[in-house]
Amino acid sequence: MAERTFVLPDLGEGLTEAQLVRWRVEPGARVEVNAPLCEVETAKAVVVIPSPWAGTVRTVHGRPGESIPVGAALVTIAAADEAGAQPEGEAVLVGYGSRTPGPGEVRRRPRSSASPSASTEEGVRAAPFVRQLARELGVDLTAVAGSGPGGRITRADVEAAARPDDRPGPPPQAPEADHDGDQRISVVGIRKAIARQMMRSVSTIPQFTEFAVFDATALMAARDAARHKGRPITPLPYFILAAVEAVRRHPLLNSSWDESRDEIVVKKSVHVGIAVNTPNGLLVPVLRDADQLSLEAIAERSSRLIEGARGGSLSPRDMSGSTITVTNVGASGPIETGTPIVNPPECCVIGFGAIRLRPMVVDSQVMARQSAWISISVDHRIVDGGLATEFLTALVGELEAIRA
Amino acid sequence: MSAVTLGKAITQGLRDALAADAKVLVFGEDVGRLGGVFRITDGLQRDFGEDRVFDTPLAESAIIGIAVGLALRGFRAVPEIQFDGFIYPAFEQIVSHVAKYENRSGLPLPITIRVPFGGNIGAIEHHSESPEAYFAHTAGLKVVAPARPSDAYGLLRTAIAGDDPVIFFEPKARYYLKEEMDLPVPPLPLGRARVAREGTAVTVVAYGPMVETALRAAEAAAEEGTSVEVIDLRSLAPLDVETLVTSVRKTHRAVVVHEAPVFCGFGAEVAARLSHDAFDSLEAPVIRLGGLNVPYPPSRFEKLYLPDADRILQAVDESVAYG
Amino acid sequence: MAEKPLAADGLSPQQLLDLYRKMVIIRRADQEALNLQRQGELGLWGQFLGQEATQVGATVAMESTDWIVPSYREFGMAMCRGIDPGEMLGYFRGLTHGPWDPRRYRFLPFTISVATQVPHAVGFAMGCRLDGSREVVLCVFGDGATSEGDWHEAMNFAGVFQAPVVFLCQNNQWAISVPLRRQTAGSIAERAQGYGFAGVRIDGNDVLAVFSAVRSAADRARRGEGPSLIEAVTYRMGAHTSADDPTRYRLDSDLAPWSSRDPIETYAAWLRSQALLDEGQADSIDAEAEGMAEAMRGKLRRLPLPSPAASLFDRVYHDPPASFLKEREEFEATLEPVE
């Protein structure tokens, strides 16, 4: 004898529940098909529910006055014979409103990772936006290999292929024949991303560089004092602190050029990108809210970021969102300075050279002083020479006024 | 070969259909004795008798309702709705029954509902409507709109001989359009658009009365040095997407034009299909032209309401100028 | 109003008993269908309880080659035409819009939108006439239908074209909650005059009266004398459908006068008075009805679920366009079995 549970059907086109008025049977009662089991009241009517099966009532579910949801158990009956029982494979009873397919039926395939639509289009496959970008950047789409599904050309493909507008690029040539001994290095991953970013910078930002030398005596004295107190510190945190201070006075250097709206966005926060040479290439982890941090905090966090960058352990958040960038130019060897490249979409990159003894004129005397070069490259759309000079002057001033 | 008007091509199509199959019946208001308010059924009652070509009472819903009954009985019903604006009383019979009877019963329903449609004839209210989108949107119906006499004949013969219901929209403003041809021409399968004029710069998609207008616009464009390709859809449901996509792959630009209001008009389906199926080929967004989103105006203003060759050219310019 | 037709009309005892048998069986089916709905096997059920005499009398009066165009409450008529009730219930189980072959049974599909079938019936009958055949169409509808524009248009067409139609109004006094007096201020039967043909009002609970009236009207139509309207006055004893609560618009006491005119009980009493029905026969018929109900229940619950792609796509066009077939394929590709 199979025990089956009769659940409450939708008695009237979309009802969700019914209130049990009274039972007409009790556990142990023998019932025939269609014998009245109970009375329920719905939003529309009082309805007598007949038994779907013949058999013995095992359990009645619910008390008079209780509200029973559609689909909830009403009565459990030990069916008298298989003929009265639910046929095999029969799905959920139909009177329960609109039903979802049950076992043995079919349903729509759930959303999954979409396989790229196999388009039968011939010729260049690129979306309108990508074509527009190619036009802007002067890219010949027929010469671009698409990295999208089915060989579609993506925006990244176009950006990667872009040539700078103000440099007459070589006409597209047939690939050079391999010469003996030539080495071909595959460009993928980070290297490719760096290349893209560089291209973007030089092809979209008109930039110029200004140079200055600052007297690092005060900075070095402060460093010594810190080291004696058991807190060794590199020059970098001082550079960052000075940069932040200079930005406070000239906030336009902490901005971004918004091409699409013809606006300069002056950033409120100061997130300093720190260019780091890693075995994988140049990475720029980001010191967030540098203007809220003390020197010690800057030192501690920046050194963690640098370590993390070298170790490849930083999160995407650590790697994005910078509003101004600092970089080493000539950290070692005979290199004095260089022309750093602005990190788009920023306005200014500050390059600090190595601190070493150099001849400087102090009180009309030539002396050997600890000093270093600073070079700033700026977006000429936002910053003109005058402002660049002021900013650089402020930077020098901050660095030379460091107290231990 | 002689010059045959679109109206006469339809008359001949009805005549040949009546002659070819004794089960074909033509009926509607004033189609028998009068020969129809546009004379499209002229002479048919005289030649085929009152049992086969007959006038009905003034009752659009019943005209279509009895067409259902006759079709179920085994006849090929060709009812006429006298004017586009009067199809609405029959709307229920069409969408609830004509469109669904096969689904309900498995039985074929050979009904061809003829409807003169469109404006530009200086008419009073309700005589210039373009209701084709309501029916193209209804599953179970086939919807066609010929633009030239040979297609009117070919599509009509196919529609009447077919076992599915067809709404046959006749561009009343083009009843007098002539074409050099010898009738009969072969039946034209539904679902095939045609390239009415080849071009390379922009595809203009049109149907019914707008095809002529599009062709004139294309001629003017050619004189200005722009090569416009004109597609005559001929069939709205089923829609010949392949021809459209092939064209846009070549031209990369599309303008679709109809008399019906732009908002939710048939052009929206064409534009959406092209955006999806020819996305990578498009160099400009698909431009839709149509009537203003207002009730069809008093005839004095219909020229301001309806698209014309000039507006088509403007849209072509806009498309080309997109870059 | 015409006189009530004579009873018995040349029917044999077997035929007279069979009218009773049919009424009992279809009432039992109606009750079982209601039970099945309460048990969740059907989404909806519209009882025809109390209208058995009209349904049986009319169907039996037509010839087997005649056609019946129903509304949506003529389940009993369909059964009398031989359509399997278990299969028919697939309609109310959400499996199909058309559970039987209309041509095989000469019984068109149920029409839910009120009165829209009446023009279909007239057109069909016009076609019969054009064919020169003897076939007649029985067009069935309720009192509510007589308010619809389609009904009037169709009646008018029928008069103009002398269509061989028997218009049968099952006036069960209710259109959901709207009683007859609010449905029309005039007489249903008398409207026929306005359309150029005869109309009668009869007792719809008297199976012999129904049989007689329908038979006469069909004969007239068959002779080429055009359409007739029969208003069979009966009562909808049950709710409009299982989703309806009649206690909101009528009192149980309203039903009382009609209970005493129950079509089956009054006919059984008459049969007994004519010694045409004994206990044995009555019991045997009851048993047959029980067997039918059990078979109907079993068949319904074993109705297979049709393939979704077939159900959705196969009966849309007779000649499906290639693009449509492609859509069917694409749809099928999105389906997977539920574990």
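Just above, that's the structure.
A few points on the structure.

Definitions and cut-offs
Residues numbered from 1 in each chain as written. Chains lettered and ligands numbered in written order. Predicted model: local features only at pLDDT ≥ 70, side-chain atom pairs only at ≥ 80, totals over all residues. Heavy atoms only, no water. Phe/Tyr/Trp six-rings, centres within 6.5 Å; stacked < 30°, edge-to-face > 60°. Helix = DSSP H or I, 4+ residues; strand = E, 2+ residues; numbered from the N terminus. Buried < 20%, exposed > 50% of the residue type's maximum accessible area, 1.4 Å probe, protein only. Contact = heavy atoms within 4.5 Å. Buried area = accessible area lost by both parts, 1.4 Å probe. Salt bridge = Lys/Arg side-chain N within 4 Å of Asp/Glu carboxyl O. Polar contact = N/O pair within 3.5 Å; in protein donor to acceptor, adjacent residues only side chain to side chain. Nonpolar A, V, L, I, M, F, W, Y, C, P; charged D, E, K, R; others polar. Pairing = 2+ DSSP bridges. 1 Å grid on protein atoms, 1.4 Å probe; cavity = no way out; pocket = protein on both sides within 12 Å on 5 of 7 lines; lining within 4 Å. Points joined across faces, edges and corners; volume = space filled by probe spheres on them.

**As for the packing of aromatic side chains**
Pairs of aromatic rings are described using the distance from one ring centre to the other and the angle between the two planes. Applying the stated criterion to the full structure yields 36 aromatic pairs over all chains. Their ring planes at 90° and their centres at 6.2 Å tell us that A:F214 and A:F239 sit as a pair that is edge-to-face. Remark: A:F239 occurs in helix α5 (residues 235–249) and A:F214 occurs in strand β10 (residues 207–215); sequence separation between them is 25 residues. A:F239 gets classed as buried once you look at its relative accessible area, which sits at 4%. Each ring, one from B:F91 and one from B:Y134, has its centre 5.9 Å from the other, and the planes form 85°; the classification is edge-to-face. Here B:Y134 lies in helix α6 (residues 132–136) and B:F91 lies in helix α4 (residues 91–98), a separation of 43 residues in the sequence. With a relative accessible area of 45%, B:Y134 lands in the partly exposed category.

**Some details on the interface of chain A and chain C**
With 35 residues of chain A at the contact, the number on the chain C side is 30 residues. A buried area of about 2700 Å², summed over both sides, lies between chain A and chain C, and 49% of it is on carbon and sulfur atoms. Between the two partners, chain A and chain C, sit 0 salt bridges. Across the contact surface, chain A and chain C share 7 residue pairs in polar contact (both at pLDDT 80 or more). Those elements that place two or more of their residues in the side of chain A that touches chain C are β5 (46–50) and β9 (106–108) of chain A. Examining the composition of the side of chain A that touches chain C, we find that 4 residues originate from one element, β5(A), more than from any other. Along the lines of polarity and charge, the residues of the side of chain A that touches chain C split into 19 nonpolar, 8 polar and 8 charged. Note: β9(A) against strand β8 (residues 335–337) of chain C, 3 bridges, orientation antiparallel.

**Notes on empty space enclosed by the protein**
Where empty space is left can be seen by rolling a probe of water-molecule size over the atoms. On inspection of all chains with the given rule, the structure shows 3 cavities of 30 Å³ or more. Volume-wise, the largest cavity comes out at about 50 Å³. Taken together, 10 residues make up the lining of the largest cavity; nearest its centre are A:L11, A:T42, A:A45, A:V47 and C:S242. Class assignment of the residues belonging to the lining of the largest cavity gives a composition of 4 nonpolar, 3 polar and 3 charged.

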